[in-house]
Amino acid sequence: MTTVGPTAWQVATVAEIAHPAPGFVRIRLDVPDRLPSLPGQHYVVRLRAEDGYTAQRSYSVASDPGDPQIELLVEQMPDGEVSGHLHDVLEFGDQLEVRGPIGRWFTWRGEEPAVAMAGGSGLVPIISMMRWATLHDRGDDLRVIAVGRTWELLPYADELAAYGAFIALTQENRIDDHGTERVSAPPYPDEVAPLVDGTRRAYVCGSVGFVGYASRLLAESGVRADTVRVEQFGATG
């Protein structure tokens, strides 16, 4: 068996497809002879039309490295060329061209205690880190701050809650498992400060606007700028 390197294009087969929330599609792929991914890495997905035209986008991996399949969660973007196809057209058994896993900077394997803050589909690479932490009993070393508009629109909401992530909804109140109600609002500095205490690395992932907000919030909460690793995305898809 020959393992294909991360720069080579491979053919992946859709093993499972689901729409867990409005505007999102979760895709699980079989990729033969792939390299194991690190928590936080991504794949490039390429579509090819019959006339040879191609379009490609990068998507973070949600699955942990031990998962036999690759799990992607794709948010449909307005007029998104690739995300629209994946959301509306892709079916079980279809094949996609993929390349990866890619990226070393935005990865975490328990090297040091960390805090991760993400919003929307920016949570996907954090989910991979979270699953790795759970699998290796390292949950205390990765604290997660998840931000979403509503519970329905928060990717992996139930899994985040079970992990013990701090969840802030900005458009609806939330009552946690202890019966405590949190009003709709972004995280406050006094909520974040206890979560960053004792950590030595921070991860921020989301839209350009979210990354700017989260970076300022972490700084106000005592996180040094040189410990923050950022991954951001635009509106194209």
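Above: the structure in question.
Cut-offs applied
- Residues numbered from 1 in each chain as written.
- Predicted model: local features only at pLDDT ≥ 70, side-chain atom pairs only at ≥ 80, totals over all residues.
- Heavy atoms only, no water.
- Helix = DSSP H or I, 4+ residues; strand = E, 2+ residues; numbered from the N terminus.
- Rg over C-alpha atoms; globule rule 2.2 N^0.38 Å.
- Buried < 20%, exposed > 50% of the residue type's maximum accessible area, 1.4 Å probe, protein only.
- Contact = heavy atoms within 4.5 Å.
- Phe/Tyr/Trp six-rings, centres within 6.5 Å; stacked < 30°, edge-to-face > 60°.
- Lys NZ or Arg CZ within 6 Å of the ring centre and 35° of its normal.
- Expected span 1.5 Å × (residues − 1).
- Arc of directions from axis to C-beta.
- Core = buried A, V, L, I, M, F, W, Y, C linked by side-chain atoms within 4.5 Å.

Draft legend 1. Quick look at the overall build of the protein chain. For the protein chain, the count of helices and strands is five helices and 13 strands. Against the 2.2 N^0.38 benchmark of 18 Å for 237 residues, the protein chain shows a C-alpha radius of gyration of 18 Å, consistent with a compact globule. C-alpha atoms of the protein chain, sized along the principal axes, occupy 55 × 35 × 30 Å. Classification of the 237 residues of the protein chain by burial places 49% in the buried group. Look at the contacts in the protein chain between residues 6 or more apart in sequence, and 66% of them connect residues 24 or more apart.

Draft legend 2. Structural context of the packing of aromatic side chains. One pass over the full model with this rule turns up three aromatic pairs. One cation-aromatic arrangement involves Arg 99 over Trp 9; the distance from NZ or CZ to the ring centre is 5.2 Å. Sitting over the ring of Trp 105, Arg 229 keeps its end group 4.1 Å from the ring centre.

Draft legend 3. Up close: helix H5 (residues 208-220). For H5, built from 13 residues, the straight-helix expectation of 18 Å at 1.5 Å per residue is met to within 8% by its first-to-last C-alpha distance of 19 Å. What H5 keeps buried is the set Phe 210, Val 211, Ala 214, Leu 217 and Leu 218. Each buried residue of H5 sits inside an arc of 135° when the element is viewed along its axis, so together they form one side. Exposed and oriented more than 90 degrees from the buried face of H5 are Gly 209, Arg 216 and Glu 220. On the buried face of H5, the contacting elements are strand S7 (114-119), strand S8 (142-148), helix H4 (189-196), strand S12 (201-207) and strand S13 (228-233). Taken from the residues just after H5, Gly 222 is the one with a positive phi, measuring 105°.

Draft legend 4. Broad picture of the nonpolar core. Grouped together as the largest cluster of nonpolar side chains are 30 residues, with contacts concentrated most on Trp 108, Ile 126, Leu 142, Val 144, Leu 154, Leu 160 and Tyr 203. Elements that contribute at least two residues to this core include exactly S7, helix H2 (124-135), S8, helix H3 (157-163), strand S9 (166-169) and S12. The dominant element in this core, judged by the number of residues it contributes, is H2, at seven residues. Among all residues touching Ile 126, those that are not within four sequence positions of it are Phe 106, Ala 116, Ala 118, Val 144 and Tyr 203.

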